[in-house]
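Residues per chain, in single letters:
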Amino acid sequence: MMKIQKIMVIGAGQMGSGIAQVCAQSGFQVVLNDLKDEFLDRGLGVITKNLTRQVDKGRMTEADKDQVLANITRSTNLQDASSVDLVIEAAVENMEIKTKIFEQLDEIAPKETILASNTSSLPITEIAAATKRPEKVIGMHFMNPVPVMKLVEIIRGLATTDEVYQAIEDLTKALSKVPVEVNDFPGFVSNRVLMPMINEAVYTLYEGVATKEAIDDVMKLGMNHPMGPLTLADFIGLDTCLYIMEILHEGFGDDKYRPCPLLRKYVKAGWLGKKTGRGFYTYE
Ligand SMILES: CC(=O)CC(=O)SCCNC(=O)CCNC(=O)[C@H](O)C(C)(C)COP(=O)(O)OP(=O)(O)OC[C@H]1O[C@@H](n2cnc3c(N)ncnc32)[C@H](O)[C@@H]1OP(=O)(O)O
Ligand SMILES: NC(=O)C1=CN([C@@H]2O[C@H](COP(=O)(O)OP(=O)(O)OC[C@H]3O[C@@H](n4cnc5c(N)ncnc54)[C@H](OP(=O)(O)O)[C@@H]3O)[C@@H](O)[C@H]2O)C=CC1
């Protein structure tokens, strides 16, 4: 098994930029890829802001910050995968887009390169089937915000080898995160448990049981959750929450996973949560 030194992260959104940051902070060479330069600017802007906060708090020197930023190179061309040891894909939660990316990566990346997806809920086995190297495809599911959350859920596809699993577990530890192994079922463990709770909170609002603030307060003050479920939904992205519910609904064929119509309505309106400035709450 080749040693992982250079990592391509696909998607410079909330998750991709966080993943790029933690990899670069742990000394890996990172190629951050997105469709357009402006998305890379946005992602690198967030990384720079996070690092500057660390410097301000005296946890990092200015020179450390410059080194972390120097470990990240920009890319708007998937061909740049031709020189990396690992790809971590964090583009949008859509099977068609992900399989298209994996098909292309399979053509471009060296044959030893591991192809990982940060998908929240899509079957790894199905993503792997788009490639001729299903044994080297794996789920590496980071949590939001990536620089803060300890967990990485690692998901084996049907064909993933032990060697590839071990390489990803070792990498997770090298990033100072805690790996937890789970099997390949829709939503894995994290979102199979979390997302129906969020969806139920949306139903509670939809049915007028309480205000959004009251629903969030009940879960924060009553269950000690750091954020109420509606605030958390805004934080994750309402589009991502809806995609995940749809994948659970379709994957299990059980109506208990039907997405709340209010969630659909907000997504249709473009109210995607914090990232667009409006969801259940409004943000500056
Ligand atoms: C959808 C999926 O597939 C899976 C998922 O990711 S589901 C979402 C999982 N995530 C959660 O459930 C998050 C729940 N929320 C929380 O844990 C907390 O509210 C929180 C960590 C986000 C913020 O914590 P807080 O105590 O309210 O705020 P705050 O004091 O500002 O932040 C705590 C620390 O996190 C850092 N932080 C907060 N947000 C950050 C961000 N977006 N990026 C980087 N660092 C961040 C702060 O700088 C601060 O760092 P220090 O303690 O080192 O100073
Ligand atoms: N939000 C969360 O809490 C979590 C999300 N995830 C998963 O991580 C992935 C990304 O989510 P998140 O970061 O929140 O989403 P964002 O919408 O913040 O970011 C997605 C980024 O990927 C870009 N993108 C879309 N298609 C492509 C492509 N073909 N090639 C390269 N880049 C592309 C998007 O560009 P554009 O703006 O043009 O669409 C955008 O910049 C999803 O699979 C999601 O399920 C996993 C854990 C937690």
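Residues numbered from 1 in each chain as written. Chains lettered and ligands numbered in written order. Predicted model: local features only at pLDDT ≥ 70, side-chain atom pairs only at ≥ 80, totals over all residues. Heavy atoms only, no water.

The protein is annotated in an unreviewed UniProt entry as 3-hydroxybutyryl-CoA dehydrogenase of Oikeobacillus pervagus. Per its UniProt entry, the protein bears the Sequence similarities (unreviewed entry) comment "Belongs to the 3-hydroxyacyl-CoA dehydrogenase family." Comment text from UniProt for the protein, heading Pathway (unreviewed entry), reads "Lipid metabolism; butanoate metabolism." (UniProt positions renumbered as here; feature names shortened; annotations may be inferred.)

1. Examining the sheet that holds strand β3 (residues 72-75)
Strand order in this open sheet of 8 strands is β3-β2-β1-β4-β5-β6-β7-β8, and the pairing throughout is mixed. The sheet is open, and its two borders are formed by β3 and β8 (178-182), each paired with just one other strand. The average angle at which neighbouring strand axes cross in this sheet is 25°, direction not considered. Here strand β7 (residues 151-156) runs beside β8; their pairing, made up of 5 bridges, is parallel. Bridge pairing in β8 places leucine 151 opposite valine 178. Running at roughly 175° to β7, helix α6 (residues 162-174) makes contact with β1 (6-10), β4 (86-89), β5 (114-117), β6 (137-142), β7 and β8 of the sheet. (Pairing = 2+ DSSP bridges. Helix = DSSP H or I, 4+ residues; strand = E, 2+ residues; numbered from the N terminus. Axes fitted to C-alpha atoms, helices over the stretch in contact; angles between N-to-C directions. Contact = heavy atoms within 4.5 Å.)

2. Re the pattern of salt bridges
As enumerated under the stated definition, the model contains 15 salt bridges in all. For lysine 132, the salt bridge goes to glutamate 107, with nearest N and O atoms at 3.3 Å. Here glutamate 107 lies in helix α4 (residues 95-108) and lysine 132 lies in the loop between α5 (124-128) and β6, a separation of 25 residues in the sequence. Looking at lysine 132, the relative accessible area reads 69%, which means it is exposed. Given a relative accessible area of 60%, glutamate 107 falls into the exposed group. (Salt bridge = Lys/Arg side-chain N within 4 Å of Asp/Glu carboxyl O. Buried < 20%, exposed > 50% of the residue type's maximum accessible area, 1.4 Å probe, protein only.)

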